[in-house]
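Notes for the structure review
Given next are the chains, with one letter for each unit.
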Amino acid sequence: MSRKSKRAKAAQIRETMAAEGASVRENTQGFNQGRYDTVADLENYEELKDEARQIKEDAIERLPELIDQLTEAIEANGGTVYLAEDEADANEYVSSLVESGETVVKSKSMTSEELEVNEHLEAAGANVVETDLGEWVLQVADEAPSHLVAPAIHKSRESIADLFRERFDPDQPLETPEDLTAFASEYLADAFEEADVGMTGANFLTADSGSMMLVTSEGNARKTVAATDTHVAVAGVEKIVPSVEDLQPFVELIGRSGTGQDITAYVSLLTPPVETATFGEDGLEGSDDRDFHLVLIDNGRMAMREDEQLRETLYCIRCSACANTCANFQQVGGHEFGGETYTGGIAGGWETGVHGLDSSEEFVDLCTGCSRCVEACPVGIDIPWINTVVRDRINRGADGHTYDFLVDGLTPDAEEGGMSLQKRFFGNFVTVAKLGSLFAPVSNWLASFGPNRWIAEQLLGVDQRREMPQFSRETLKEWASGRDGPADPDREAVFMADTYTNYMHVERGKAAIRALEALNVDVEIADVTESGRAALSQGMVRTAANHGKAVAEELLPHIADGRDVVIVEPSDLAMLRDDYERLLDAETYERLSENSYEILEYVYGLLENGADADALRDGDGEEIAYHGHCQQRTLGLAAHTEAVLEELGYDLVTSDVECCGMAGSFGFKQQYYEVSMAVGEELREQFSTPEAEGRTVVASGTSCHDQLTDLMKQDVPHPIELVAP
Ligand code: SF4
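Where an unreviewed UniProt entry is consulted, the chain appears under the name Fe-S oxidoreductase, with the organism given as Halapricum desulfuricans.

When you go through the chain residue by residue, the secondary structure sums to 36 helices and 19 strands. Here the C-alpha atoms of the chain give a radius of gyration of 28 Å, agreeing with the 27 Å that 2.2 N^0.38 yields for 725 residues. If you line up the chain on its principal axes, its C-alpha atoms span 95 × 55 × 50 Å. Split into buried and exposed, the 725 residues of the chain put 60% on the buried side. Here the contacts in the chain between residues at least 6 apart in sequence split such that 77% fall between residues at least 24 apart. Surface accessibility of the chain: about 28,600 Å² in total, with carbon and sulfur atoms responsible for 46%. In the chain, 57 side chains carry a positive charge and 137 a negative one; their mean positions are 7 Å apart.

Secondary-structure assignment places aspartate 89 in helix 4 (residues 87-97). Nearest to the buried, unbridged aspartate 89 among oppositely charged side chains is arginine 301, at 12 Å. Looking at aspartate 89, its side chain comes within polar contact range of the side chain of tyrosine 82, at 2.6 Å. Contact partners of aspartate 89, with chain neighbours within four places excluded, come to Tyr82, Leu83 and Ala84.

This part takes up the sheet that holds strand 14 (residues 521-525). Strand order across the open sheet formed by 4 strands is 14-13-15-16, with parallel pairing between neighbours. Since the sheet does not close on itself, it has two edges, and those belong to strand 14 and strand 16 (596-598), each with one partner. The mean angle between the axes of side-by-side strands here comes to 35 degrees, regardless of whether they run parallel or antiparallel. Relative to strand 16, strand 15 (residues 564-567) runs parallel, the two sharing 3 bridges. Paired with valine 566 across the two strands is tyrosine 597, which belongs to strand 16. Its contacts with the sheet put helix 28 (residues 541-560) on strand 13 (491-496), strand 14 and strand 15, and the angle it makes with strand 13 is roughly 170 degrees. Seen against the sheet, helix 29 (residues 570-583) touches strand 15 and strand 16 and runs at an angle of roughly 150 degrees to strand 16.

Moving on, we get to the environment of serine 448. Tracing the sequence through the fold places serine 448 in helix 22 (residues 442-448). On the basis of relative accessible area, serine 448 is assigned to the partly exposed category, the value being 46%. Sequence separation between serine 448 and glutamate 691 is 243 residues, and the spatial gap between their C-alpha atoms is 35 Å.

The rules behind these values
Residues numbered from 1 in each chain as written. Predicted model: local features only at pLDDT ≥ 70, side-chain atom pairs only at ≥ 80, totals over all residues. Heavy atoms only, no water. Helix = DSSP H or I, 4+ residues; strand = E, 2+ residues; numbered from the N terminus. Rg over C-alpha atoms; globule rule 2.2 N^0.38 Å. Buried < 20%, exposed > 50% of the residue type's maximum accessible area, 1.4 Å probe, protein only. Contact = heavy atoms within 4.5 Å. Areas by Shrake-Rupley, 256 points an atom, 1.4 Å probe, with all protein chains shown as cover. Lys, Arg positive; Asp, Glu negative; His and termini not counted. Charge placed at Lys NZ, Arg CZ, Asp CG, Glu CD. Salt bridge = Lys/Arg side-chain N within 4 Å of Asp/Glu carboxyl O. Polar contact = N/O pair within 3.5 Å; in protein donor to acceptor, adjacent residues only side chain to side chain. Pairing = 2+ DSSP bridges. Axes fitted to C-alpha atoms, helices over the stretch in contact; angles between N-to-C directions.

Given below as structure tokens:
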């Protein structure tokens, strides 16, 4: 992204947040909270997720066979199946079913957005009417959906009332949601009566019987099918599951995951052609000549199936939980966080698969890789990984850059030239940190000197409003070298100081080592500091893998000698516990993953196993406000920190705002600064309530530290700095 486009992107995001942010925030956060509440009541939630994942894995594996089976079943029922290769093919077929002048009523079809069916049919002289309220509002407003299941989520009640007033000039003022809904229902009732063709999507298609499942909030899919003689369903091939029995876990999961409802208002199971009566000239009539066409869309999906990295995207059931849970999506919504059709975290995979990489480039970097969506996803898709792969492919496809000479030779990455200078700067931050530390304090002065900040913003897109971290002249490794450990240690550990801890936030590293030694652990410092997280977050997968190999080379001999690996930065631990599975061989990954611990998780384990808590500093009732870290939560580790702090006598309140918004380099980037601050503002507000105000603010991650220091205007230590003697 050029300097100009970074500025333009920042302006565009600012504008969208101002216009749509409040509605998006209110709705997505409501859905997300609803998900927490409803899945908490579901005893077998994890089993249902596993079952759903397994069904989708199996279905995609057997897809060609299931397409044949579904075709046979539908033809036996009297319907027709058309397998459309791409958008043009699908549109041509659909157009052949609709005559000029006919009215088409539509319900529940994101896939038809992908095909832009409406435009196509309208160009051929048909009258197309969306019947789901949100879709209809967007049709009237001539806008694109901004959410997978609530397409008009970005619109407030007031803006919808204004729109209706402007377009329809109603006799009565429309103010309440009830007024608006009643007006829309009346308008749409006429459309149903006039309709010649009904078009729907399908949430699931069952190969055994040719049945389809549609989940809707207003029941319009049923009406659409019942009101017309011709039913055209358009659905991606990935919607097929083997049998009707396979629908069960999805019925349980889809409403809960998406909108936080125990079950979606209408769950329709149809085996078309249906025999329901239709509207005729004299009211309802018989339905002898019902016609059903299923248009099964490939449009890149079969190629995604062959693509090892994108294949998982096809498991998606389009529930939108990934979008609702995403802190950035909650601020900007799907008009910034999506491509031509699809939105949210998973849009990176969908858009790449169905529209190509160009369609993903604009938004895919809004995924910070925090991984909260993985937990929210009912089929466990590793969405951050898909986005990383997409970034990597975009990086590799980039054209040569004027400033490549600035990084080529200076940086140890394994990427081809042409990648954005901003990405290479942040992806190779360890090099910057080494030099910064070597020449501190001069480098600190240079890094904060106004004209240099301006140059950094012009060249690298590092936002001038961000305070730069200070490099330490003495690195953690230098401080720790030659240190005498306990005479008779109970355990031995190797401490992997991340780049920030070694070169900048040295105090938290010193505290970690002091705490471990106080608990009778002998500590060695690892020679590597870079896990590859910085490179991975820029989509530099090959460079990240190289760092992973270096980490393995360094740590495996320590593990073989019986040492535990202890890490202070949660996002680095997540590399060893999760991401390395994709980057290293299975055995190496397992060894590293099984033997690595986050510092407070390790302290918790030591105390549980008899270590003397009195060796650590007593909290003595000190009031603290604690913010965990996204990845720490995903790894299930936040509870350990809280338990240790409470055991040592701290009076603790914990933020339930899950993300600080900084996310590594994300908040430093000019184009994303405003989003980052908007996410962080919610955390600041929570720590400014009467319950939390005046407390010592403590955070586990480097990014959280930087963001909270900025927001709260106070120093924000790591919890280990509180408890270390
Ligand atoms: S990726 Fe998962 S969470 Fe996101 S829409 Fe698809 S199924 Fe739902």
